[in-house]
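Overview (structure and organization)
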Amino acid sequence: ATAGNIVLRGVPKSMADRVSQALLEITPDFRIAGIYIEELDGSSTDFRFQNERPNSQLAEERFRFTPPAGVETMEATELAPQ
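All residue numbers refer to positions counted from 1 along the written sequence of the respective chain. Predicted model: local features are reported for residues with pLDDT of at least 70 only, side-chain atom pairs are reported and counted for 80 or more only, and whole-chain, interface and lining totals are derived from all residues. The basis for every side-chain value is the complete set of heavy atoms in the structure, and neither hydrogens nor water enter the calculation.

Here we look at the pattern of salt bridges
Within this document, salt bridges are pairs made up of a side-chain nitrogen of Lys or Arg and a carboxyl oxygen of Asp or Glu, the two lying within 4 Å of each other. Evaluated as defined, the whole model comprises 4 salt bridges. Notably, a salt bridge pairs R48 with E25, separated by 2.8 Å at the nearest N-O pair. With a gap of 23 residues between them, R48 in strand 4 (residues 44-48) and E25 in strand 2 (residues 19-26) connect regions that are remote in the sequence. For the exposure calls, accessible area comes from a 1.4 Å probe over protein chains only, and a residue counts as buried if that area is under 20% of its type's maximum, exposed if over 50%, partly exposed in between. Under the relative-accessibility criterion, R48 is labelled partly exposed at 49%. E52 is the partner of R31 in a salt bridge, and the nearest nitrogen-oxygen pair spans 3.2 Å. In this pair, R31 is assigned in the loop between strand 2 and strand 3 (32-39) and E52 in the segment after strand 4, connecting sequence segments 21 residues apart. Three or more residues joined by partner-sharing salt bridges are found here, namely D29, R31 and E52. Going along the chain from the N terminus, every DSSP run of H or I of four or more residues is numbered as a helix, and every run of E of two or more is numbered as a strand.

Put into structure tokens, the structure is as follows:
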């Protein structure tokens, strides 16, 4: 961890059968600097974040979703609480 950052350690309940621990490194200005996941089989994944640009404008075409043939989709309005 970088000096001054806080590290939170835990085990995601829904992944306790696979993950032995997950660490989140949080900066003093409350940004996630990194995520480290250690699995029960000894493998690990380490994500590091830098040069974050919050609320950046991105072209809409970068988020175009085309479902595979035969897959049913639902509009978000159909998922609203009743």
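Points about the side chain of N5
As for its placement among the helices and strands, N5 is situated in the segment before strand 1 (6-10). Distance and chemistry together define a polar contact, namely a pair of N or O atoms within 3.5 Å, with one atom able to donate a hydrogen and the other to accept it when in protein, and with adjacent residues in sequence counting only for side-chain atoms on both sides. A polar contact of 2.6 Å, which involves the side chain of N5, links it to the side chain of E25. Not counting the four nearest positions on each side in its chain, N5 is found in contact with E25, I26, T27, P28 and A33. Any two residues having at least one pair of non-hydrogen atoms within 4.5 Å are treated as being in contact.

So, the sheet that holds strand 4
Any two strands are treated as partners once DSSP identifies two or more bridges connecting them. Taken in spatial order, the 4 strands of this open sheet run 1-2-3-4, and their pairing is antiparallel. Looking at which strands have only one partner, the edges of the open sheet turn out to be strand 1 and strand 4. Adjacent strand axes in the sheet meet at a mean angle of 10° when their direction is disregarded. As judged from the 7 bridges shared by strand 2 and strand 3, these two strands associate in the antiparallel manner. Bridge pairing in strand 3 places L24 opposite I35. Only the stretch in contact is used when fitting a helix axis, every axis being a line fitted to C-alpha atoms; angles between N-to-C directions are given from 0 to 180 degrees.

Regarding the environment of G4
In this fold, G4 is placed in the segment before strand 1. G4 gets classed as exposed once you look at its relative accessible area, which sits at 58%. In this structure, the C-alpha to C-alpha distance between G4 and P28, residues 24 residues apart in sequence, is 6.8 Å.

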